[in-house]
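# Per-entry structural report
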Amino acid sequence: DVVANIAALVDRARAKGIPVVWVRHQNARLRAESPGWQIVPELAPLDGEPIVDKRFGDAFADTDLGEVLERLNADRIVLCGALTETFNGALYRGFPVTLITDAHTTVDRRPSGLDYSPANAIAVLNYQAESTTLPGLASQAVSTAEAFTG
């Protein structure tokens, strides 16, 4: 279960003193303050944990995410959640990214005419995380059980 895996990751990060940054998406169909826009109760942010509201797939686009990460002295991103298009945005902004393979999901785009299931999209992003390198940095893909174990 993706939510349970994210909850485990958040608990582990907090226990190790690793900052947790939350991202919420809104658009014409997903309005701010609507029930679907809220972070699910199982993943309640703690007071003081930053929440970045985004309107585009990449959480860096037209948000303060870059400044939030700078204030936290972040030098890498561990990525999980829904609609994780931020993977490429983070890499191209110089952040090594660890994608949690069993803690991300996406929407079903087949009703819009794309013959591509959520499982296909997740598998492709997992593959990209396992194999993407850029000059001076690389991404990786690990499971929830493997994350934050060092």
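Going by the structure above, here's the rest.
Here we summarise the structure given alongside this text. All values derive from a computational prediction rather than experimental measurement.

### Description of the pairing of strand S2 (residues 51-54)
Here S2 shows one buried face, formed by Val52 and Lys54, and one open face, formed by Ile51 and Asp53. Two strands pair when backbone bridges link them, and strand S1 (residues 22-25) and S2 are joined in this way by 4 bridges, in the parallel orientation. Its bridge partner lying in S2, Val23 is registered against Val52.

### Examining the packing of aromatic side chains
A full pass over the atoms with the stated rule returns 1 aromatic pair. Summarising the aromatic geometry, the rings of Phe60 and Phe95 are spaced 6.0 Å apart at their centres and angled 25° between planes, so their arrangement reads as stacked. Here Phe95 lies in the loop between helix H3 (86-92) and strand S4 (97-105) and Phe60 lies in the loop between S2 and helix H2 (65-71), a separation of 35 residues in the sequence. Judged by relative accessible area, which is 8%, Phe60 ranks as buried.

### Quick look at helix H4 (residues 118-131)
In a regular helix each residue adds 1.5 Å, so 14 residues correspond to 20 Å; H4 covers 20 Å between its end C-alpha atoms and thus fits that length. Against the buried residues of H4 lie H3, S4 and strand S7 (140-142).

### What to know about the pattern of salt bridges
Side-chain pairs of opposite charge can arise whenever the charged atoms involved come near each other. Evaluation of the coordinates by the stated rule reveals 5 salt bridges. Between Asp58 and Arg93 there is a salt bridge; the shortest N-O distance is 2.9 Å. In this pair, Asp58 is assigned in the loop between S2 and H2 and Arg93 in the loop between H3 and S4, connecting sequence segments 35 residues apart. Looking at Asp58, the relative accessible area reads 19%, which means it is buried. Where Arg110 meets Asp108, a salt bridge forms, and the shortest distance between an N and an O atom there is 2.7 Å. Given the relative accessible area of 40%, Arg110 is considered partly exposed. Since its relative accessible area comes to 35%, Asp108 is described here as partly exposed.

### Structural notes on the sheet that holds strand S3 (residues 77-82)
Within the open sheet, the 3 strands sit side by side as S3-S4-S7. Their pairing is parallel. Here the strands that pair on one side only, and so sit at the sheet edges, are S3 and S7. Mean inter-strand twist for the sheet, computed between neighbouring axes without regard to direction, equals 30°. Where S3 lies against S4, 5 bridges are found, and the strand directions are parallel.

Conventions used here
- Residues numbered from 1 in each chain as written.
- Predicted model: local features only at pLDDT ≥ 70, side-chain atom pairs only at ≥ 80, totals over all residues.
- Heavy atoms only, no water.
- Buried < 20%, exposed > 50% of the residue type's maximum accessible area, 1.4 Å probe, protein only.
- Helix = DSSP H or I, 4+ residues; strand = E, 2+ residues; numbered from the N terminus.
- Pairing = 2+ DSSP bridges.
- Phe/Tyr/Trp six-rings, centres within 6.5 Å; stacked < 30°, edge-to-face > 60°.
- Expected span 1.5 Å × (residues − 1).
- Contact = heavy atoms within 4.5 Å.
- Salt bridge = Lys/Arg side-chain N within 4 Å of Asp/Glu carboxyl O.
- Axes fitted to C-alpha atoms, helices over the stretch in contact; angles between N-to-C directions.

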